[in-house]
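Geometric and topological summary
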Amino acid sequence: MQGPDGWRLLGVPSLRVQEQHACTWHYATDDLTLSVTATVDARGVRLQATASQQVTLLVAVDAAREGLVLAGAEFGDDAALFADGASRGTAWRCHVAADVNAIDLRIEPGDADGEADAATHAWRLPSLTGDAAGVAEVNAWLPWLAHDAGVHFQAPRGLEQFTGGAWGTRDVSQGPVGLLVATGEHAALRATLLAAFAGQHDNGDWPQWFEYLPEVAQPNDRDSHGDVVYWPLLALGEYLVMTRDATILDEPVRFVGAHEFTPAAPLREHVLRAVDHLASRRTRDPRLPSYGEGDWNDSLQPAQPDLADTMCSAWTTILEIESLRTLATGLGEGEPDLRERLTAIAADGETALAEVLLVDGELADYAVLEEDGTELLVHPHDTRTGLHHGSLQVIHALAGELLDPEAAAAHVALVDEHLDGPHGIYLFDTPVRYSGGEMHAFKRAEAASFWGREIGLMYTHAHLRWIEALTHLGEAERAWAALLKVVPVGVWERTPGARPRQASCYYSSADAVFADRYVAQDRARDLFDADTPFEGGWRVYSSGPGLILRLVTERLLGARFRGDLIEFDPVLPAALGQAVARIPDPAGGWLEVTYHIGGQGHGVTDVRVNGQPVEHTALRARYRRPGVAVPRSAVPEGAEVVVSVG
């Protein structure tokens, strides 16, 4: 904008407003207001500006892309960008709008002939409507979650990690899978699984991350944490359970060698190599997988090389049980030898979990298995790390229904006493000790000077899994309240200490406002004080948004498509009373459900389609009254479905 002192670049605005497909920057001075709006549609960007009085504006566009279309005004060369008015021959194209109150321009990518491609993809989003507190906030957030999950899925370098990174194997097996399940995109899910298996090494393991785009894909680093091998197997098992599409096992998929891609083999062979690999990495107790280079908590990589073989993670053991059992279930009647092997490994793991890692009524996070005995870490018996309680192993044991009801209740009480913070569940009962970067047990946790993410303890991803565990327990009110803790829309009004934050994105953590790790260590108890200020952590680029979409659809609303069945298994608070959900059907239509929610908030008592009761079969649940399964044939497209709960 041209002012009395010459041209002035419009920088930080007085107010910025973000909408689903538009962003507006408002600039206000004593004598002028100027608003600039950029709107994205299928064909490009519309740029509009309005001012309270006549102004002179300069719009400069980098037109290096061949075929770029600039419409709505005459654009010249780059001369207007230079004080002497002489062009430097760059790709910039400029338009000067003198003495105007408004401009309206379009920038379209086009092709070499100047024709724009109007094709675009629109996610089919689940929705929830009702009058109860929190419903509107959750529903308003769902489209932004799809946006953020789409960024994570389609732009492997993300927005806040634009200088590096790719598809993390465990990430793509969670976030994109969750997005595609929640939006009913089973064909895309199938393609994504094949792409993930195309990143598998010829030894059966996966790398921590891989480039999947054809123009940059190549053999890369072969290291990974001990849990990584299980995630594609779990995602494949879930796909088979949902679709009954066993033909995917016959699809030819390449392996990745040390220096080149190797010939394609049926996906079935990929599964067999993965199982051989995980079966070869065991501790002194062959029922328990070895820790390797770490587990899901990236900050807990072993500082001592011998721990990779002698230590096991309870959480990874639980993941092994879940992934292998899910895959065995998904195989149905096929692959009997493989199913028997998967089932046997999972059964041994469950037995060892109870015998080795469940000590004095509490699951240890880790165990170091030496010839002279077993050392427990992150447990009341821990004398090495200073950590006595952890949440990951508890959360996943509850979600996997691996504890008996009495032990489950005892572990919930432990979480309540030691790990329940004002903004969510903590990874540990206290921050990992920091001694200026010296490493004793865990690498990054003890070396990182940064306070936040896993180091800051409230990591949203783990909190989401806690909500999932609460749905298994039938804790409807707690699950709903826990969800609202991570909804940024109005979080500062619901949660003491929450600093205002952008309402249109996902935050990977809630970080207490401590200056550094020393302050965090000294003020560790303040983490449990609701009045302690907390900022939103890393934004957008995470598997979390996809997880939430699936969590809302399949666990809270409880609508799950499973082959020729639809499962109705909601866990919703009685305060919702009556609520209406609209859920994408993988067949292409929509499932619309009206919930009548009673006092318990779980356990389906009646299902009616177009006013008539329908045949249903009770599901299985260890800790609560279960939902039911209904034949898909009983729910025609557009039917009025009413589910009575509790």
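Note that the coordinates shown come from a computational prediction; the quantities given were computed from them, not determined experimentally.

Rules of the game
- Residues numbered from 1 in each chain as written.
- Predicted model: local features only at pLDDT ≥ 70, side-chain atom pairs only at ≥ 80, totals over all residues.
- Heavy atoms only, no water.
- Helix = DSSP H or I, 4+ residues; strand = E, 2+ residues; numbered from the N terminus.
- Rg over C-alpha atoms; globule rule 2.2 N^0.38 Å.
- Buried < 20%, exposed > 50% of the residue type's maximum accessible area, 1.4 Å probe, protein only.
- Contact = heavy atoms within 4.5 Å.
- Lys, Arg positive; Asp, Glu negative; His and termini not counted.
- Charge placed at Lys NZ, Arg CZ, Asp CG, Glu CD.
- Pairing = 2+ DSSP bridges.
- Axes fitted to C-alpha atoms, helices over the stretch in contact; angles between N-to-C directions.
- Core = buried A, V, L, I, M, F, W, Y, C linked by side-chain atoms within 4.5 Å.
- Patch = residues over 30% accessible without salt bridge, like charges linked within 9 Å, V, L, I, M, F, W, Y side chains within 5 Å.
- Areas by Shrake-Rupley, 256 points an atom, 1.4 Å probe, with all protein chains shown as cover.
- Salt bridge = Lys/Arg side-chain N within 4 Å of Asp/Glu carboxyl O.
- Parallel < 35°, antiparallel > 145°, perpendicular 65-115°, else oblique.
- Left-handed = near helix turned anticlockwise from the far one by under 90°.
- Polar contact = N/O pair within 3.5 Å; in protein donor to acceptor, adjacent residues only side chain to side chain.
- Phe/Tyr/Trp six-rings, centres within 6.5 Å; stacked < 30°, edge-to-face > 60°.
- pLDDT = per-residue confidence, 0-100.

Along the protein, the regular secondary structure elements total 17 helices and 31 strands. Taking 646 residues into account, the globule formula puts the C-alpha radius of gyration at 26 Å, and the protein, at 27 Å, falls close to it. Going through the 646 residues of the protein one by one, you find that 54% of them count as buried. For the protein, restricting intrachain contacts to residue pairs at least 6 apart in sequence, the fraction spanning at least 24 positions comes to 66%. Computed over 50 positive and 92 negative side-chain charges, the separation of the two mean positions in the protein equals 2 Å.

What follows covers the sheet that holds strand 14 (residues 311-313). Taking strand neighbours across the sheet as the criterion, the three strands line up as 14-17-18 in an open arrangement whose pairing is antiparallel. Sheet topology places strand 14 and strand 18 (373-377) at the edges, where each strand pairs with a single neighbour. With strand direction ignored, the average angle separating the axes of adjacent strands in the sheet is 25 degrees. Pairing analysis gives three bridges linking strand 14 to strand 17 (residues 366-370), with the strands arranged antiparallel. Bridge pairing links Cys312 to Ala367 in strand 17.

Looking now at the nonpolar core. Ranked by size, the top nonpolar core spans 160 residues in total, and within it Leu236, Leu357, Leu483, Phe568, Leu591 and Tyr595 carry the most contacts. The residues contacting Leu236, other than those within four sequence positions of it, are Leu193, Phe197, Ile248, Leu249, Leu267, Val271 and Leu327.

A word on the pairing of strand 31 (residues 641-645). For strand 31, the buried fraction is high: five of the five residues fall into the buried class. Burial along strand 31 is two-sided: the face carrying Val641, Val643 and Val645 and the face carrying Val642 and Ser644 are both buried. With five bridges connecting them, strand 26 (residues 590-597) and strand 31 associate as parallel partners. Each bridged residue has a counterpart across the sheet, and for Ile597 the counterpart in strand 31 is Val645. Relative to strand 31, strand 27 (residues 604-609) runs antiparallel, the two sharing five bridges. Considered in strand 31, the bridge of Val604 is made with Val645.

This next bit is on a negative patch on the surface. Taken together, the side chains of Asp306, Asp309, Glu370 and Asp372 present a region of like negative charge at the surface. Assignment of secondary structure puts Asp306 in the loop between helix 6 (267-280) and helix 7 (307-310).

In this section: the pattern of salt bridges. Tallied over the full model, the rule gives 36 salt bridges. Arg453 is the salt-bridge partner of Glu454, the closest N and O atoms lying 3.9 Å from each other. Exposure class is identical for Glu454 and Arg453. Each is buried. Of the charged contacts, one joins Asp569 and Arg624 as a salt bridge, the two residues approaching to 2.9 Å between their closest N and O atoms. With a gap of 55 residues between them, Asp569 in the loop between strand 24 (565-568) and strand 25 (578-584) and Arg624 in the loop between strand 29 (617-618) and strand 30 (628-631) connect regions that are remote in the sequence. Look at the salt bridges and you will find they share partners, linking Glu238, Arg550, Glu554 and Arg562 into a network.

Packing of helix 1 (residues 135-154) against helix 3 (residues 175-182) brings their axes to within 9 Å, and their N-to-C directions diverge by 130 degrees. Of the possible angle classes, the one that applies to helix 1 and helix 3 is oblique. Once helix 1 is placed against helix 3, the crossing between them reads as left-handed. Of the residues in helix 3, those in contact with Ala146, Ala149, Gly150, His152 and Phe153 of helix 1 are Pro176, Leu179 and Leu180.

Moving on, we get to the side chain of Arg190. Looking at the secondary structure, you find Arg190 in helix 4 (residues 186-197). Only 3.2 Å separates the side chain of Arg190 from the side chain of Thr247, close enough to count as a polar contact. Setting aside residues up to four positions removed in sequence, Arg190 forms contacts with Tyr239, Asp245, Thr247, Ile248 and Glu251.

On to the packing of aromatic side chains, then. Scanning the model with the defined rule gives eight aromatic pairs in all. Arranged with centres 5.1 Å apart and planes meeting at 80 degrees, the rings of Phe197 and Trp206 form a pair that is edge-to-face. In terms of burial, Phe197 and Trp206 fall into one category: buried. A ring pair is formed by Trp451 and Phe514, whose centres lie 5.6 Å apart and whose planes are at 45 degrees; its orientation type is tilted. Of this pair, Trp451 sits in the loop between helix 12 (443-447) and helix 13 (460-473) while Phe514 sits in the loop between strand 21 (510-512) and helix 16 (517-522); the two residues are 63 residues apart in sequence, bridging distant segments of the chain. Classification of Trp451 by relative accessible area gives buried; the value is 8%. For Phe514, a relative accessible area of 8% corresponds to the buried category. Aromatic ring contacts, followed pair by pair, group Tyr291, Tyr366 and Phe442 into a single cluster.

Sheet strands pair via backbone hydrogen bonds, and the direction of the pair is either parallel or antiparallel. With respect to topology, four strands assemble into an open sheet ordered 23-24-30-29, the strand pairing being antiparallel. Strand pairing shows two members of the sheet lacking a second neighbour, strand 23 (559-562) and strand 29, which therefore form its edges.

What follows deals with the confidence of the model for the protein. Of all residues in the protein, 97% attain a pLDDT of 70 or more, and the chain-wide mean is 93. Within the model, the stretch residues 112-116 combines pLDDT values under 50 with eight contacts to residues more than four positions away or in other chains.

This paragraph deals with the environment of Glu108. One can find Glu108 in strand 8 (residues 92-108). Classification of Glu108 by relative accessible area gives buried; the value is 11%. Sequence-wise, Glu108 and Val69 are 39 residues apart; in three dimensions their C-alpha atoms are separated by 5.0 Å. A polar side-chain atom of Glu108 sits 2.7 Å from a polar atom in the side chain of Arg106.

Of note in this structure, Arg244 is not a glycine but carries a positive phi near 60 degrees. As for its placement among the helices and strands, Arg244 is situated in the loop between helix 5 (230-243) and strand 12 (252-256). At Asn610, a position not held by glycine, the phi torsion is positive, near 50 degrees. Within the secondary structure, Asn610 sits in the loop between strand 27 and strand 28 (612-613). Take Asn610: its relative accessible area is 48%, and that puts it in the partly exposed class.

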